[in-house]
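Listed here are the chains, written in short residue letters.
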Amino acid sequence: NWNARDYLVDCLNSIHEKLWRHAIEVIVVDNASQLDDSVATVRRDFAWAKLITNTENVGFSRGNNIGWK
């Protein structure tokens, strides 16, 4: 995620509303969002998601690799 709180909220809500057959882990990697309150929103409303916050925008691919690790 990078400054895309509204899309992130929609995504996480859709995951939360689904009935899953197996346990899942949701990882959100935030690439230093500063134009919205993405990090605060995830911490407040989606505590069940693991949140990784980067201190700088490392880009989409590297952000994915960080989440994968």
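First things first, this report covers the structure right here in the doc. One numbering rule holds for all chains: residues counted from 1, following each sequence as written. Confidence filtering applies because this is a predicted model: local features only for residues at pLDDT of at least 70, side-chain atom pairs given and counted only at 80 or more, and all residues used for totals across whole chains, interfaces and linings. For the side-chain quantities, the full set of heavy atoms in the structure was used; hydrogens and water were omitted.

What follows covers the packing of aromatic side chains. Each aromatic pair joins two rings of Phe, Tyr and Trp (for Trp, the six-membered one) with centres within 6.5 Å, and gets the label stacked for planes under 30 degrees apart, edge-to-face for over 60, and tilted for any other angle. Across all of its chains, the model carries 1 aromatic pair by this definition. The ring of Trp-20 has Lys-18 lying over it, and the distance from NZ or CZ to the ring centre is 5.6 Å. By definition here, charges over rings are those cases where NZ of Lys or CZ of Arg is within 6 Å of the ring centre and within 35 degrees of the ring normal.

Across the chain, the bulk of peptide bonds are trans and the bulk of non-glycine residues have phi less than zero. Positive phi values are uncommon outside glycine, yet Asn-3 reaches one of about 55°. Counting through the fold element by element, Asn-3 comes out in the segment before helix 1 (5-17). The backbone phi angle of Ala-32 is positive, close to 60°, even though this residue is not glycine. Mapped onto the elements of the fold, Ala-32 is located in the loop between strand 1 (27-31) and helix 2 (38-45). The secondary structure listing takes helices from DSSP runs of H or I that are at least 4 residues long and strands from runs of E that are at least 2 residues long, numbered from the N terminus.

Quick look at the pattern of salt bridges now. By definition here, a salt bridge exists when the distance from a side-chain nitrogen of Lys or Arg to a carboxyl oxygen of Asp or Glu is within 4 Å. Tallied over the entire structure, the rule returns 3 salt bridges. We note a salt bridge from Asp-6 to Arg-5, for which the minimum N-O separation is 2.9 Å. Arg-5 gets classed as partly exposed once you look at its relative accessible area, which sits at 27%. Note that Asp-45 is salt-bridged to Arg-44, the shortest N-O span being 3.0 Å. The buried label goes to any residue with under 20% of its type's maximum accessible area, the exposed label to any with over 50%, and the partly exposed label to all in between, with areas taken from a 1.4 Å probe on protein chains only. For Asp-45, a relative accessible area of 39% corresponds to the partly exposed category. For Arg-44, a relative accessible area of 54% gives the class exposed.

With that settled, consider the environment of Arg-5. Looking at where Arg-5 falls in the secondary structure, it is placed in helix 1. With 28 residues separating them along the chain, Arg-5 and Ser-33 place their C-alpha atoms 8.9 Å apart. Counted as a polar contact is a pair of N or O atoms within 3.5 Å, where, for protein atoms, one must be capable of donating a hydrogen and the other of accepting one, and residues adjacent in sequence contribute only when both atoms are in side chains. Polar contacts involving the side chain of Arg-5 include one to the side chain of Asp-6, which spans 2.9 Å.

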